[in-house]
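Geometric and topological summary
The primary structure of each chain is shown beneath.
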2 protein chains.
Amino acid sequence: MNKKLNKRQIILDEAAKLFKLKGFGGTSMRDLAGEVGMEAASMYNHIKSKDEILEHLCFHVSNTYIAQLAEVEQMPGSNGDKLKELLRRHINLMLEDGAAVSVANNDWKYLTDSKLLQFKEARKQYEKGFAALIENGIAAGEFRPVNASVALFTILSAVRWVELWYRPGRGVTAQELEEDIMAILLNGLAKN
Amino acid sequence: MNKKLNKRQIILDEAAKLFKLKGFGGTSMRDLAGEVGMEAASMYNHIKSKDEILEHLCFHVSNTYIAQLAEVEQMPGSNGDKLKELLRRHINLMLEDGAAVSVANNDWKYLTDSKLLQFKEARKQYEKGFAALIENGIAAGEFRPVNASVALFTILSAVRWVELWYRPGRGVTAQELEEDIMAILLNGLAKN
DNA sequence: CTCTCAAACTAACAAATGTTTGTTGTTGCT
DNA sequence: AGCAACAACAAACATTTGTTAGTTTGAGAG
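The following paragraphs examine the structure supplied in this document. Source: prediction; values computed, not measured.

**Description of the protein's contact with DNA strand C**
Around DNA strand C, 17 residues are found, and the nearest of them are Lys 7, Glu 39 and His 46 of chain A together with Tyr 44 and Lys 50 of chain B. In the model, a phosphate oxygen of DNA strand C is placed 2.7 Å from a nitrogen or oxygen of the Ser 42 of chain A side chain. Between DNA strand C and Thr 27 of chain B, the relevant distance is 3.5 Å, taken from a phosphate oxygen to a main-chain nitrogen or oxygen of the residue. Broken down by secondary-structure element, the contributors of at least two residues to the surface near DNA strand C are α1 (2-22) of chain A together with α2 (29-36) of chain B. Class assignment for the residues of the surface near DNA strand C results in 5 nonpolar, 6 polar and 6 charged.

**With respect to the packing of helix α4 (residues 79-96) of chain A against helix α5 (residues 98-106) of chain A**
In a packed pair of helices, the relevant descriptors are the angle between the two axes and the axis-to-axis distance. All names here are of chain A. Across the interface, α4 lies against α5 with an axial gap of 5 Å and an inter-helix angle of 110 degrees. Regarding the angle of α4 to α5, the classification is roughly perpendicular. Counting all contacts with α4, which are made through Leu 93, Met 94 and Glu 96, the residues of α5 involved are Gly 98, Val 101 and Asn 105. When grouped by side-chain class, the residues that make up the contact of α4 with α5 number 3 nonpolar, 2 polar and 1 charged.

**Looking at the protein's contact with DNA strand D**
Taken together, 17 residues form the shell around DNA strand D, and within it Tyr 44 and Lys 50 of chain A together with Lys 7, Glu 39 and His 46 of chain B come nearest. For DNA strand D, the fraction of protein-proximal atoms (within 4 Å) that sit in sugar or phosphate groups is 58%. The side chain of Tyr 44 of chain A places a nitrogen or oxygen atom 2.5 Å from a phosphate oxygen of DNA strand D. Ser 42 of chain B places a polar side-chain atom, nitrogen or oxygen, 2.9 Å from a phosphate oxygen of DNA strand D. Looking at the surface near DNA strand D, the elements that each hand over two or more residues are α2 (29-36) of chain A together with α1 (2-22) and α3 (40-43) of chain B. Tallied by class, the residues present in the surface near DNA strand D amount to 5 nonpolar, 6 polar and 6 charged.

**Observations regarding the pattern of salt bridges**
Pairs may arise between side chains of opposite charge once their charged atoms sit close together. The final tally for this structure, using the stated rule, is 12 salt bridges over all chains. A salt bridge links Lys 22 of chain B to Asp 31 of chain B, with the nearest nitrogen and oxygen atoms 3.2 Å apart. Residue classification places Asp 31 of chain B among the partly exposed positions, given a relative accessible area of 30%. For Arg 89 of chain B, the salt bridge is made with Glu 71 of chain B, and the minimal N-O distance between the two is 2.4 Å. Here Arg 89 of chain B is found in helix α5 (residues 79-96), whereas its partner Glu 71 of chain B is found in helix α4 (residues 50-73), with 18 residues between them in sequence. Since its relative accessible area comes to 44%, Glu 71 of chain B is described here as partly exposed. Within the structure, one salt-bridge network assembled from shared partners comprises Glu 71, Glu 85, Arg 88 and Arg 89 of chain A.

Conventions used here
Residues numbered from 1 in each chain as written. Chains lettered and ligands numbered in written order. Predicted model: local features only at pLDDT ≥ 70, side-chain atom pairs only at ≥ 80, totals over all residues. Heavy atoms only, no water. Near = heavy atom within 4 Å. Polar contact = N/O pair within 3.5 Å; in protein donor to acceptor, adjacent residues only side chain to side chain. Helix = DSSP H or I, 4+ residues; strand = E, 2+ residues; numbered from the N terminus. Nonpolar A, V, L, I, M, F, W, Y, C, P; charged D, E, K, R; others polar. Axes fitted to C-alpha atoms, helices over the stretch in contact; angles between N-to-C directions. Parallel < 35°, antiparallel > 145°, perpendicular 65-115°, else oblique. Contact = heavy atoms within 4.5 Å. Salt bridge = Lys/Arg side-chain N within 4 Å of Asp/Glu carboxyl O. Buried < 20%, exposed > 50% of the residue type's maximum accessible area, 1.4 Å probe, protein only.

All we've got here are geometric facts, nothing functional implied.
Right, dumping it as structure tokens:
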């Protein structure tokens with residue numbers, strides 16, 4: 001009974017890796033089946049369609065992000081503290097589930113119709129919550145009075161390279177990574 | 001005689017827009033032909049293949065970046081000045097040629113064989129030069145002693161949202177944009 | 001042993017893909 | 001007018017695509 005869920009999970013995991021590597025359009029069901037170790041047709045015993053795979057991966061990520069936002073919003077502390085914690089969790093998901101995050105970042109545009117709308121909406125919700133932290137921080141005098149949207153996208157984009165670049169054991173630990181990124185974004189690169 | 005170059009340019013420009021919007025794999029030659037205003041087969045009077053289009057777009061961008069690096073390297077001034085100038089030009093190309101930059105950022109992985117290698121090499125060269133500026137700046141005491149690679153990718157990624165987000169007349173001018181981004185990256189978001 | 005049922009396979013499908021072929025205007029030069 | 005080069009077209013191509021149908025396999029339950 002959980003054998004089925006297991007095989008399904010293997011397919012989803014392998015799909016995330018392949019989509020990250022070769023893109024959604026560049027990955028055929030036969031490619032994926034080869035990686036999983038069965039024929040393409042056999043996978044349809046476990047998944048509904050190629051689109052369903054993409055949807056699962058994208059919404060797994062967006063749901064996690066939104067849940068993290070909700071948690072952080074209800075924490076005590078300054079806006080700076082909250083922003084830092086949200087960013088920390090944001091980076092963490094990339095480190096733990098890099099392939100899925102990569103797919104959600106790059107291949108979401110291949111979602112169809114209502115699912116595409118739904119995903120865009122979810123992303124917008126996350127960005128709105130993120131921006132609110134920045135705006136509140138500016139209003140409270142914690143942050144520089146920059147354009148909040150510019151700051152938001154600068155920060156969110158800044159951390160995107162993590163999923164492209166980071167591999168465990170590359171001389172930089174996850175902690176160092178988080179610290180350096182947050183140091184640059186919050187305190188800047190210039191010494192003064 | 002320049003009619004041919006003209007049509008070819010139209011195809012390349014339209015391809016950049018479509019690839020940005022729907023991805024390389026998600027754009028068929030018939031889609032593109034429809035946008036250009038001819039049949040798919042007719043385009044082969046102006047271009048060699050779909051791959052050639054992708055190659056042109058990708059290398060146009062990478063060549064420009066590398067040329068800008070070479071120019072800035074030979075300028076006088078501190079490492080901070082050079083970094084600032086290179087970043088300014090980097091952002092500028094995104095503002096002026098956003099679609100092509102988008103393709104080079106997202107669809108380069110569909111390049112084939114030697115072209116793929118070549119592109120990766122070009123990117124590495126650009127990153128190396130960029131990183132050298134940061135390292136020299138740290139050595140000279142101009143910058144915080146962070147990991148140069150982390151700083152490099154944080155900065156390069158941070159500006160990537162520009163091509164995804166920026167549209168002229170969205171309330172933020174190109175100047176404000178550049179200033180705010182550079183302020184955050186160089187001086188940080190936190191007030192102190 | 002036999003029945004069952006999920007999960008794998010082979011084979012085939014229709015649709016879409018990038019590209020080639022052969023042909024037909026159309027333009028400009030002599 | 002006549003030739004040459006170009007640029008558009010329709011039709012077809014071989015392949016690849018995602019997916020379905022029908023069949024076989026194999027393990028567990030009675």
